[in-house]
Amino acid sequence: MEALRRKLADFGQEHLLQFWDQLSEQERDELRQDIMELNFPEVTDCYDRAMRVFSSVQSGTLDDKVTPIPKERIGSVKTTDKNQLKIYEKLGLQDIANGKVAVLLMAGGQGTRLGVSYPKGMYNVGLPSGKTLFQLQAERILRLEDIAEAECGKRGEITWYILTSEATHNVTIDFLREHNYFNLKVENVKAFKQGMMPCFTFEGKIILSEKHKISKAPDGNGGLYRALKTQGILDDMVQRGIHSVHAHSVDNILIKVADPIFLGYCISSSIDCGVKVVEKSSPSEAVGVVCKVNDTYQVVEYSEISKETAELRYENGELVYNTANVCNHYFTVDFLSAVSNNYEKEMQVHIAKKKIPYVDANGQAQIPTTPNGIKIEKFVFDVFQFAKEVAVWMGVRQEDFSPLKNADSSGQDCPSTARNDVLELHKKWLLNAGAISVTNDVEVSPLLSYAGENLSHIKGQPLEGPIILE
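Right, let's walk through the structure included here. (Residues numbered from 1 in each chain as written. Predicted model: local features only at pLDDT ≥ 70, side-chain atom pairs only at ≥ 80, totals over all residues. Heavy atoms only, no water.)

Let's talk about the overall build of the protein
Which entries qualify depends on this criterion: Numbering goes from the N terminus for both helices and strands, where a helix is a DSSP run of H or I of at least four residues and a strand is a run of E of at least two. By definition in these notes, contact holds between two residues if any of their heavy atoms fall within 4.5 Å. Method for areas: the Shrake-Rupley scheme with a 1.4 Å probe, in which residue coverage is limited to the protein chains shown. Charge assignment: positive for Lys and Arg, negative for Asp and Glu; neither His nor the chain ends contribute. To locate a charge, the coordinates of NZ of Lys, CZ of Arg, CG of Asp or CD of Glu are taken.
Looking only at helices and strands, the protein has 13 helices and 24 strands in total. In terms of principal-axis extent, the alpha carbons of the protein reach across some 80 × 55 × 45 Å. Pairs at least 24 apart in sequence give 75% of the contacts found in the protein among residues at least 6 apart. Carbon together with sulfur atoms contributes 46% to the accessible area of the protein, which is approximately 21300 Å² in total. Looking at the protein, you have 52 positive and 64 negative side-chain charges, and the mean spots of the two groups are 1 Å apart.

As structure tokens, this is what we get:
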């Protein structure tokens, strides 16, 4: 006990034992375990670094340090000729057919802003099929395996790695098991948990959520890199002979899972790190932009540059800072290994001011009405600085990005917009394939078409929904 007190005193955290005399033996064991699991030099260093970063951001913008990605360094669906797109696609499909591709789904978030208490991947936006985000993404994987086999004459399997959190892990696994992994092979679906970080007061004191429990929060999607190593996922990737990893967030209903064109572009560029972006919808859109800061690739949040910089345009009217980051990444396994083994502790840390439940000095539970502390996170894109070169690929918003973040009452990035964006895309596919007309919610199953292919059988037909083309 005295050793525990001295350890806490060394880092100014002895208050964690202030209710010790009031605890049962079981509660003392839980608190002792909580304390022993913390790497105090590391977590207090994270707090110090996060506060320094926060102070520097508060003191001014990055306007004098930021430059756009040179246009010649950005590949684009719109500006690349069809023959070259087919070459990229063939490269990606060959990697899939050879079993060298994995999808890494970041699914640690709960649907709090959506108004539900379960993981976002389990959400049904109201498509005619009633399919959840998890099901849509799993079926795109299955369709891609079919396409790659037809193209290359060999069937490869895509491994689906799912990053969860303490709050979503068990319920995610139960949901996938109940739905038979949406017909993916169970051995090709691997769920693993991101780590947790203690929450701090603004003065750097670790918060107690109960008299015997430290308040903790997930360490952000940048916690991915540590989790890959500590939970054996990197070893699994190496054993399977995986080369290319497509990493993305769960809440983008239009995500082209393991997009072979994006994969092929990155493979042909011989790079270890790539990012798919879309054009910003407006200068004020609340998304980060991929750019350079002091000549290093970085994602700069909209709050880190001035309104004037965000509104800069070229002579043709295009925004200078136009490359919206949508959490869509390519990595080689070698790069993931290098980050996890060598660079993870050097990653930038970020803070989020939050209303964190706590126990006061009298041991009474309190639920604050204003932010009273901070959560510390790492972001998945903060590894660009460790890459020799970063490939940037510009997709098309209407085909690549429709996030599900808010309840319908917000009117944006919500179930209604996600559903409408899917149905509008499917309508475009069907009209391009020769349908006479498409009305009232016609949905195309991912098992039938990944990106508008395989729809020639509807040529000359009028289609009226609600129906699902299987």
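What follows picks up the thread again.
Topic: the environment of Pro218
Going by this rule: The cut-offs for exposure are 20% and 50% of the maximum accessible area for each residue type, with area from a 1.4 Å probe on protein chains only; residues under the lower value are buried, those over the upper are exposed, and the others partly exposed.
Within the element layout of this structure, Pro218 appears in strand β10 (residues 216-218). Of the residues examined, Pro218 reaches a relative accessible area of 33% and is grouped as partly exposed. A sequence separation of 247 residues divides Pro218 from Gly465, and the C-alpha atoms of the two residues are 42 Å apart.

Comments concerning the sheet that holds strand β16 (residues 350-354)
This is how the line gets drawn: Strands are labelled as partners when DSSP assigns at least two bridges between them.
Spatial strand order, β7-β19-β16: 3 strands in an open sheet with antiparallel pairing. The sheet is open, and its two borders are formed by β7 (200-201) and β16, each paired with just one other strand. Pairing geometry for β16 and strand β19 (residues 373-377), over 5 bridges, is antiparallel. Looking across to β19, one finds that His350 is bridged to Glu377.

Some thoughts on the nonpolar core
To be explicit about the condition: Put simply, buried Ala, Val, Leu, Ile, Met, Phe, Trp, Tyr and Cys residues joined by side-chain atoms within 4.5 Å make one nonpolar core.
Core analysis: the largest hydrophobic core is formed by 41 residues, its most contacted members being Leu104, Phe192, Tyr225, Leu228, Met237, Phe331 and Phe384. Residues in contact with Phe331, not counting those within four places in the same chain, are Tyr225, His243, Ser244, Val245, Ala247, Asp272, Cys273, Leu336, Val380 and Val383. Counting residues in hydrophobic clusters, the runner-up holds 40 residues, among them Tyr88, Phe182, Val250 and Tyr450.

Structural notes on the packing of helix α8 (residues 233-240) against helix α11 (residues 333-343)
Angle between the axes and distance between the axes are the two parameters that describe a pair of packed helices. So the rule is basically this: Whenever a helix is involved, its axis is fitted only over the stretch in contact; in every case the axis is a line through C-alpha atoms, and angles between N-to-C directions fall within 0 to 180 degrees. Reported orientations rely on four angle classes, namely roughly parallel under 35 degrees, roughly antiparallel over 145, roughly perpendicular from 65 to 115, and oblique for the rest. Each crossing gets its handedness from the near helix: less than a right angle anticlockwise from the far helix is left-handed, clockwise is right-handed. Amino acids are sorted into nonpolar (Ala, Val, Leu, Ile, Met, Phe, Trp, Tyr, Cys and Pro), charged (Asp, Glu, Lys and Arg) and polar (every other residue, Gly among them).
Relative orientation of the contacting elements α8 and α11 amounts to 155°, with a least axis distance of 11 Å. On the basis of their axis angle, the class for α8 and α11 is roughly antiparallel. The hand of the α8/α11 crossing is left-handed. Mapping the contact onto sequence places Leu234, Met237 and Val238 in α8 and Val333, Leu336, Ser337 and Ser340 in α11. Across the contact of α8 with α11, the residue classes tally to 5 nonpolar, 2 polar and no charged.

Without other data, these values stay purely geometric and don't point to any function.
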